[in-house]
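Structural overview for review
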Amino acid sequence: MNIVLLGYGKMGKVIEKIALDRGHQIVARIDVNNRQDFDALTLSQVDAVIEFSHPSSAFQNVKACLEKGFPVVCGTTGWLENKPEVEALAIEKGGAFFWSSNYSVGVNIFFQLNKMLAKLINPQKQYTVSTTEIHHTEKKDSPSGTAITIAEGLIENLDGKEKWINNEIPAENEVAIWSAREGKVPGTHIVKYISDIDQIEISHVAHGRQGFALGAVLAAEWIVGKKGVFGMDDLLAL
Ligand SMILES: NC(=O)C1=CN([C@@H]2O[C@H](COP(=O)(O)OP(=O)(O)OC[C@H]3O[C@@H](n4cnc5c(N)ncnc54)[C@H](OP(=O)(O)O)[C@@H]3O)[C@@H](O)[C@H]2O)C=CC1
Ligand SMILES: O=C(O)C1=N[C@H](C(=O)O)C[C@H](O)C1
C-alpha cells in the first residue's frame, strides 16, 4: 500500500517502521514544515493517510484528506468537538474516515472489559468510581482521548452518571478523570471502584507505542475500498 504519514512526530515515526516492516511504502511524511507536499498529492499516489498530529491541526487535516478523496485513519486526540462535522463530510463525499482514541488491540479489549465491569457494579451503590490516566510530559491534551472513551463507557453503564470532569472533585452525577504527566510514560489507564470495605481495580499499561502504531497500520490496511465512518469496534468486530 502507498501510505501518507500526516504528522511525523513520535507516533508517525513508529508507524513508519511498522508499515515498512509490513511491506508498505511511505509516499510522504508531512509535518508543519512541508504542508505543500501534501497539497501536491493526487488520488493515484495514495491508498491511505495515517494522521497523528496535533489537537489544533487534526480537524483541518482530516477535512483536507476527505476533500481529496483519500481514506484517512486518524489517531489524534483532543479535537472531539469537531469530529461530527468530519463524519458528516465523510458521508457526504462518499469517503472513508477511521478514528479511535486508542488503536491498541489491548486497550480496545480493555474498553469492553470496562463496560462489562460497570454493568456488574451498577446495582452496587456502595462503590465510587474514578479513572486515572498517566502519560509522558510532552502530551498536549488532557484528559487523554482514551480516558474520555473509558468515561463514556462508564456513563453509558452506571445509572446516575451523566458527564465526566477532569482533575476536580466530582459531583454525584460526574465521573472523575484524574490526569497525571510523568517522565516518558507511553500510556497507563486505570479504572477504580472504592467502597468502605474493599476496592476493585482494572488497568491497561502500554509498554511502548508499538501497540498504537500497529493498530493504526491495521486500520489503514482495512479501510482501503471502504466508504463510511469507522472505529476499532468495526475492525476487531467487538
Ligand atoms: N489514537 C491513538 O492510539 C494514539 C493517539 N495519539 C495522539 O496522536 C497525536 C500525536 O501524538 P505524537 O506523535 O505523540 O505527538 P508529537 O508531538 O510527537 O508529533 C506530532 C507531529 O505532528 C506534527 N504536526 C503538527 N501540526 C501539524 C500539521 N498542521 N500538519 C502536519 N503535521 C503537523 C508535528 O510537527 P512539529 O514537530 O513540527 O510541530 C509533529 O511532527 C496526539 O494527539 C496523541 O494524543 C498518540 C498515541 C496513540
Ligand atoms: O499522546 C499520547 O501519547 C497518547 N494519546 C492517546 C490518548 O490521548 O488517549 C492514546 C495513548 O494513550 C497515547
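Residues numbered from 1 in each chain as written. Chains lettered and ligands numbered in written order. Predicted model: local features only at pLDDT ≥ 70, side-chain atom pairs only at ≥ 80, totals over all residues.

If you look the protein up in an unreviewed UniProt entry, it shows as 4-hydroxy-tetrahydrodipicolinate reductase from Arcicella rigui. In the Pathway (unreviewed entry) part of its UniProt record, the protein is described as follows: "Amino-acid biosynthesis; L-lysine biosynthesis via DAP pathway; (S)-tetrahydrodipicolinate from L-aspartate: step 4/4." Heading Sequence similarities (unreviewed entry) of the UniProt record for the protein holds this comment: "Belongs to the DapB family." (UniProt positions renumbered as here; feature names shortened; annotations may be inferred.)

Focus on the overall build of the protein
Scanning the protein from terminus to terminus reveals eight helices and eleven strands. Counting only C-alpha atoms, the protein reaches 60 × 40 × 30 Å along its principal axes. Taken over 238 residues, the protein has a buried fraction of 36%. Here the contacts in the protein between residues at least 6 apart in sequence split such that 66% fall between residues at least 24 apart. (Helix = DSSP H or I, 4+ residues; strand = E, 2+ residues; numbered from the N terminus. Buried ≥ 20, exposed ≤ 12 C-beta atoms within 10 Å, placed from the backbone. Contact = placed C-beta atoms within 7 Å.)

Points about the site of ligand 1
Around ligand 1 sit 26 residues, and of these Gly 7, Gly 9, Met 11, Ser 57 and Gly 75 come closest. Considering every element that reaches the shell around ligand 1, the biggest residue donor is helix 1 (residues 10-21), with three residues. (Near = placed C-beta within 6 Å.)

Topic: the domain arrangement of the protein
Domain annotation for the protein reports domain 1 (2-103 + 210-236) and domain 2 (105-205). For domain 1 versus domain 2, the separation of C-alpha centres amounts to 27 Å. Residue assignment for the side of domain 1 that touches domain 2 shows that the elements contributing at least two residues are helix 7 (210-223) and helix 8 (232-236). Counted by class, the side of domain 1 that touches domain 2 contains four nonpolar, seven polar and no charged residues. (Domains from an automatic or database assignment. Nonpolar A, V, L, I, M, F, W, Y, C, P; charged D, E, K, R; others polar.)

Some words on the site of ligand 2
Inspection of the region around ligand 2 gives Thr 77, Ser 101, Asn 102, His 135, Lys 139, Ser 144, Gly 145, Thr 146, Gly 187 and Phe 212 as its neighbouring residues. Two domains share the shell around ligand 2, each providing at least three of its residues, namely domain 1 (2-103 + 210-236) and domain 2 (105-205).

Here we look at helix 6 (residues 145-157)
Taking 1.5 Å of rise per residue, the 13 residues of helix 6 would be expected to cover 18 Å, and the 19 Å separating its terminal C-alpha atoms lies within 8% of that figure. Turning to helix 6, its buried residues are Gly 145, Thr 146, Ala 147, Ile 148, Thr 149, Ile 150, Ala 151, Gly 153 and Leu 154. On the buried face of helix 6, the contacting elements are helix 5 (105-121), strand 6 (128-135), strand 7 (163-166), strand 8 (174-181) and strand 9 (188-194). (Expected span 1.5 Å × (residues − 1).)

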